[in-house]
Amino acid sequence: MEEAVTFLKEWARDGLLPWSAHCAAVKHFGLTHATVEALALENGLFPARYQRNRNMISTQEQLQLFRSKVAVIGCGGLGGYVIEELARLGVGHIVAIDPDIFEEHNLNRQILSTPATLGKAKVEAALDRVAEINPAVTVTPVKDAFCLANGLELLAGVQVAVDALDSISYRLELAEVSGAAGIPMVHGAIGGWYGHVATQLPGDSTVQNIYRHWVEGKGIEQQLGNPSFTPAVIASLEVAEVCKILLGKGELLRDRKLSIDLLEMEVHEISYKKSSSTELVDAA
Amino acid sequence: MQVTIKLFATFRNGRFKIDHRELPDGTDVRTVVLSLGLTEAEIGIIMLNGRHGELDDRLSDNDTLSLFPLVGGG
């Protein structure tokens, strides 16, 4: 290992480790991409692929992201973008959970779907995509539906659960399991031109409150479907929340929900205070 | 009594963004929802004067009622 570290240090330029040197170390020392990235970051070398992260994310923080494990529940519209962005950000371990395969009606928006991946498991496509864009990131594909029965097991060792589900009942199960697992849940939902995001920490019941009037079935997405841009917008907001949770910085969307209307270009913030009698909304 | 009704997202289609209505005293939220041609199942969020409300809540003079549809896709 010491030899490998010396090698990496020799090839670093201005503290940046070029991808070519990273690959040479993988080949020469028989290491995995993940091991080389860990060695680099632990020794103060910033992988050059992240150099544009550099003035907002320090080497220490990049290492923190690399050592993090995030579960993405749902690998469709929201989940595809969430996985793409987490992998490019440098989150070291992603648990991708989805029971489905790609179908033609996914092609208008789900970034992991292509004509070539029709019929392929969404989690397999996630695995392949991440291996292509950032081989240092480990993906654990789980081709199964997340539910109360398997939830705690699937969230073992995970720091944040990202809601990219398309079902309100499963989402409420995720909220319950995340709370029981003692980890934050970043909630996102979309329908047509509209979407919303909120972050729930263990002990909070924001998601349960958001769906307090729900009895059964789907929301407006059933009639409207979803275009290409709404999942990208909401997924990006979710990843920003995940990044802040993992690094312990910034202000989270805690006890509040951001509702976004891309047709009228309106953003409304709805507050969910702990005590239901003091809930306030700015917009309404 | 005079009540301000604000609608959001798809609830605006064929209706309005904001409307001021004269309603009989004691009208509840459910009655307003149904009078707008909406169903209970479509309701995501009910805000009454900036606080979370319920379908059974009774409205008072000068209240502002805001309705958001249910959004659950991914």
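What you are looking at is a predicted structure, and each value in this text was computed from that prediction instead of being measured. (Residues numbered from 1 in each chain as written. Chains lettered and ligands numbered in written order. Predicted model: local features only at pLDDT ≥ 70, side-chain atom pairs only at ≥ 80, totals over all residues.)

Please clarify how the overall build of chain A should be interpreted in this entry.
Scanning chain A from N- to C-terminus turns up eleven helices and ten strands. When each of the 284 residues of chain A is scored for burial, the buried share is 47%. Summarising the internal contacts of chain A: among those between residues at least 6 apart in sequence, 64% fall at separations of at least 24. (Helix = DSSP H or I, 4+ residues; strand = E, 2+ residues; numbered from the N terminus. Buried ≥ 20, exposed ≤ 12 C-beta atoms within 10 Å, placed from the backbone. Contact = placed C-beta atoms within 7 Å.)

Looking at this structure, I do not really get the overall build of chain B. What am I missing?
For chain B, the count of helices and strands is one helix and five strands. Ordered by position in the sequence, the α and β elements of chain B form the string β-β-α-β-β-β. At 12 Å, chain B has a C-alpha radius of gyration in line with the 11 Å of a compact globule built from 74 residues. Its C-alpha atoms give chain B principal-axis dimensions of about 40 × 25 × 20 Å. Counting the 74 residues in chain B, one finds 36% classified as buried. Taking contacts inside chain B between residues at least 6 apart in sequence as the whole, the part at least 24 apart equals 58%. (Rg over C-alpha atoms; globule rule 2.2 N^0.38 Å.)

Please clarify how the environment of Met47 of chain B should be interpreted in this entry.
Residues and elements named next belong to chain B. Relative to the assigned elements, Met47 resides in strand S3 (residues 43-48). What makes Met47 buried here is the crowd of 23 C-beta atoms within 10 Å. With eleven residues separating them in the primary sequence, Met47 and Leu36 have C-alpha atoms 16 Å apart.

How should the interface of chain B and chain A be read in this particular structure?
In many analyses, interface size is given as the accessible surface area lost on bringing the parts together. The partner chain A presents 33 residues to the 22 residues of chain B that form the contact. Contributing elements (two or more residues each) for the side of chain B that touches chain A: S3, strand S4 (51-52) and strand S5 (64-69) of chain B. Per-element tally for the side of chain B that touches chain A: the top contributor is S3 of chain B, with five residues. For the side of chain B that touches chain A, the class distribution of residues is eleven nonpolar, nine polar and two charged. (Nonpolar A, V, L, I, M, F, W, Y, C, P; charged D, E, K, R; others polar.)

Any chance you could explain the domain arrangement of chain A here in plain terms?
Residue and element names in this part refer to chain A. Per the domain assignment, the segments making up chain A are domain 1 (2-62) and domain 2 (69-278). With centres defined by C-alpha atoms, the gap from domain 1 to domain 2 works out at 30 Å. Each partner contributes residues to the interface: domain 1 has six residues there, and domain 2 has six residues. When contributions to the side of domain 1 that touches domain 2 are tallied by element, the ones reaching two or more residues are helix H3 (33-42) and helix H4 (59-66). (Domains from an automatic or database assignment.)

Looking at this structure, I do not really get the sheet that holds S4 of chain B. What am I missing?
Hydrogen bonds between backbone groups are what pair the strands of a sheet, and the pairing can be parallel or antiparallel. Residues and elements named next belong to chain B. Overall, mixed pairing links the five strands, which are arranged S2-S1-S5-S3-S4 in an open sheet. Pairing within the sheet leaves two strands with one partner each, and these edge strands are strand S2 (18-22) and S4. Relative to S5, strand S1 (residues 2-7) runs parallel, the two being bridged by four bridges. Bridged to Lys6 within S5 is Ser66. (Pairing = 2+ DSSP bridges.)

When you look at the nonpolar core in this model, what are you seeing that I'm missing?
A general feature of soluble globular proteins is that nonpolar side chains tend to end up buried together. All names here are of chain A. Ranked by size, the top nonpolar core spans 99 residues in total, and within it Ala71, Val72, Ile94 and Val162 carry the most contacts. Shared between two domains, this core takes at least three residues from each, and those domains are domain 1 (2-62) and domain 2 (69-278). For Ala71, the contacting residues outside a window of four places in its chain are Val95, Ile97, Leu154, Leu155, Val158, Ala161 and Val162. (Core = buried A, V, L, I, M, F, W, Y, C linked by C-beta atoms within 7 Å.)

Can you help me understand the sheet that holds strand S3 (residues 69-73) of chain A in this one?
Residues and elements named next belong to chain A. Judged by pairing direction, the sheet is mixed, and its eight strands sit side by side in the order S5-S4-S3-S6-S7-S8-S9-S10 without closing on themselves. Unpaired on one side and paired on the other, strand S5 (138-142) and strand S10 (266-271) mark the two borders of the sheet. Averaged over all pairs of adjacent strands, the angle between their axes in this sheet comes to 15 degrees, without regard to strand direction. The sheet contact formed by strand S7 (residues 185-191) and strand S8 (residues 194-200) spans seven bridges and is antiparallel. (Axes fitted to C-alpha atoms, helices over the stretch in contact; angles between N-to-C directions.)

Got a minute to help me understand the pairing of S1 of chain B in this structure?
Where a strand is regular, its side chains alternate between the two sheet faces. Strand direction decides the pairing type here: S1 of chain B and S2 of chain B, joined by five bridges, are antiparallel. For Gln2 of chain B, the partnering residue across the bridge sits in S2 of chain B and is Glu22 of chain B.

I tried to follow the packing of helix H5 (residues 77-89) of chain A against helix H6 (residues 122-133) of chain A on my own but got confused; where do I start?
To characterise two packed helices, one gives the angle between the axes of the helices and the distance between these axes. Residue and element names in this part refer to chain A. It is the contact of H5 with H6, at a shortest axis distance of 10 Å, that shows an interaxial angle of 30 degrees. Here H5 lies roughly parallel to H6, going by the angle between them. With respect to the hand of their crossing, H5 and H6 are arranged in right-handed fashion. Contacts from Ile83, Glu84, Ala87 and Arg88 of H5 reach H6 at Ala126, Arg129, Val130 and Ile133. (Parallel < 35°, antiparallel > 145°, perpendicular 65-115°, else oblique. Left-handed = near helix turned anticlockwise from the far one by under 90°.)

Can you walk me through the packing of helix H1 (residues 2-11) of chain A against helix H2 (residues 19-29) of chain A in this structure?
Residue and element names in this part refer to chain A. Interhelical geometry of H1 versus H2 gives an angle of 155 degrees and a closest axis separation of 10 Å. Judged on the interaxial angle alone, H2 and H1 are roughly antiparallel. For the pair H1 and H2, the crossing hand works out as right-handed. Judged by residue contacts, Glu3, Ala4, Phe7, Leu8 and Trp11 of H1 engage Ala21, Ala25, His28 and Phe29 from H2. For the contact of H1 with H2, a count of residues per class yields seven nonpolar, one polar and one charged.

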